[in-house]
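These are the residues of each chain, in order.
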Amino acid sequence: MKKPLFERLRPVPLTKSVASSDACIYFYRAATFLGWVPPKARLHRWAYLLWTCTTMVLGLVYLPLGLFLTYVVHFDKFAASEFLTSVQVDINCIGNGVKACVTFSQMWRMRRINAMIAPLDERCTTLNQRQILHKMVARGNRIIVFFLSMYLGFTTTTLFSSVFAGKAPWQVYNPLVDWRQGTRQLWEASLLEYIFIGIGVCQELLSDSYPIIFLSIFRGHLAILEDRIKNLRSNPELSEKENYQQLVDCIKDYRTIVQCCDLIRPIMSATIFTQFMLIGIVVGVAAVNILFFTTSIWMTLSNIIFIAAICAESFPLCMTCELLIEDCESLASGIFHSNWMDSERRYKSAIIYFLHRVQQPIQFWAGAIFPICVQSNITVAKFAFSIITIVNQMNLADKFRKEG
């Protein structure tokens, strides 16, 4: 029997064993496609390195540069809606370049986290704990598929809506093919642009999905840890020494989770700070395009999907960070209400130490300035309304139409 294409999107049966690293399978597949995971074989590494350089040059150099060159060479041929669609993509490409460079250079942190978190999988002994682990693995792979669907939805709708209108979708500067020469040249140039944008989208996919995937893994292990704490000193066959050792193992596992959070914190700080700086501008330009310039329903749909994709780059992560703080609070409550009242002195001392550590929630910051939370995301998104207000009050839309 053939396996389904997206078999990892559903929790596998509890009779099968899974690992936390399985939550990153689709993530690493996308990274392998982009040339971010070099093979071990030396001969293959050189060929793979060439592909890595190709995708990095196309996505991080040629794409934003090509969009900018189009403004210089063909600015007078742009319609207002086309220009704004191209600008919002170009601004996002610049931010994507920063995020992709940071993510690519710090891939070793993710591999190290996978290695550090692996021993915690062996602690999942009960049916409930294994169920949490299996759901966590499926959730991680669903995240990457969700982001991929959202981003490819934008690029694909933009491609067809533009081609059917007789124009190249993003009008990236192309010295080899001029899409204005005929239908065949239009399709050739549009498909080349789709490939270039697709590479940039995949790079952004990895930069935006990795923090949610790994934070989901941390949340899953915190839930497993809370379940283990509830079962402490519930087995009458265990001695106090064995109960104490189980508590020590729980403390060590929590420390491992915190160390993994510390390991991913620098890369998250840089990429999310960049995203916060861009989200208000990009969403504002897209909203202005929809409200004042877009006339085609397909272009409107494309811009709406683009706004949804931009919001999806930050909002789910902000929500996940807040849920992680709530998980820490729930874990502290579980420790306090565990069966420790009639335990020996050293067990109580360990409980107090553990409770003190857990009461310091795991929190992430963007550039050591903004806490990564829903409120911060709303604050930066409000800048989009400021752009719409400026365009409306200064009557820039009408002036731009008249000049065009």
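Notes on the structure follow. Remember, predicted model here, so these are calculated numbers, not experimental data.

**Structural notes on the nonpolar core**
The nonpolar side chains of a soluble globular protein tend to be buried, and buried together.
Okay, so step 1: The biggest cluster of nonpolar side chains holds 107 residues, and the ones touching the most others in it are Phe27, Phe214, Phe218, Phe354 and Phe364.
Okay, so step 2: Counting residues per element, this core draws most heavily on helix H7 (residues 240-293), at 21 residues.
Okay, so step 3: Not counting chain neighbours up to four residues away, the residues in contact with Phe27 comprise Met107, Met110, Ile144, Leu206, Ser209, Tyr210 and Ile213.
Okay, so step 4: Membership of the second largest hydrophobic core comes to seven residues, among which are Val163, Ala168, Val177 and Leu186.

**Regarding the state of the cysteines**
Okay, so step 1: What the rule picks out here adds up to zero disulfides.
Okay, so step 2: Left without a disulfide partner, Cys202 is nearest to the cysteine sulfur of Cys93, which lies 13 Å away.
Okay, so step 3: You can call Cys202 buried: its relative accessible area is 14%.
Okay, so step 4: Cysteine Cys250 shares no disulfide, and the gap to the nearest cysteine sulfur, in Cys124, comes to 11 Å.

**Description of the side chain of Glu193**
Okay, so step 1: With respect to the element layout, Glu193 can be found in helix H6 (residues 183-230).
Okay, so step 2: Buried and without a salt bridge, Glu193 has Arg180 as its closest oppositely charged side chain, separated by 8.5 Å.
Okay, so step 3: Separated by 2.9 Å, the side chain of Glu193 and the backbone nitrogen of Val172 make a polar contact.
Okay, so step 4: With residues up to four places along the chain from it excluded, the contact list for Glu193 reads Ala168, Pro169, Trp170, Gln171 and Val172.

What counts, and where the lines are drawn
Residues numbered from 1 in each chain as written. Predicted model: local features only at pLDDT ≥ 70, side-chain atom pairs only at ≥ 80, totals over all residues. Heavy atoms only, no water. Core = buried A, V, L, I, M, F, W, Y, C linked by side-chain atoms within 4.5 Å. Buried < 20%, exposed > 50% of the residue type's maximum accessible area, 1.4 Å probe, protein only. Helix = DSSP H or I, 4+ residues; strand = E, 2+ residues; numbered from the N terminus. Contact = heavy atoms within 4.5 Å. Disulfide = S-S within 2.5 Å. Lys, Arg positive; Asp, Glu negative; His and termini not counted. Salt bridge = Lys/Arg side-chain N within 4 Å of Asp/Glu carboxyl O. Polar contact = N/O pair within 3.5 Å; in protein donor to acceptor, adjacent residues only side chain to side chain.

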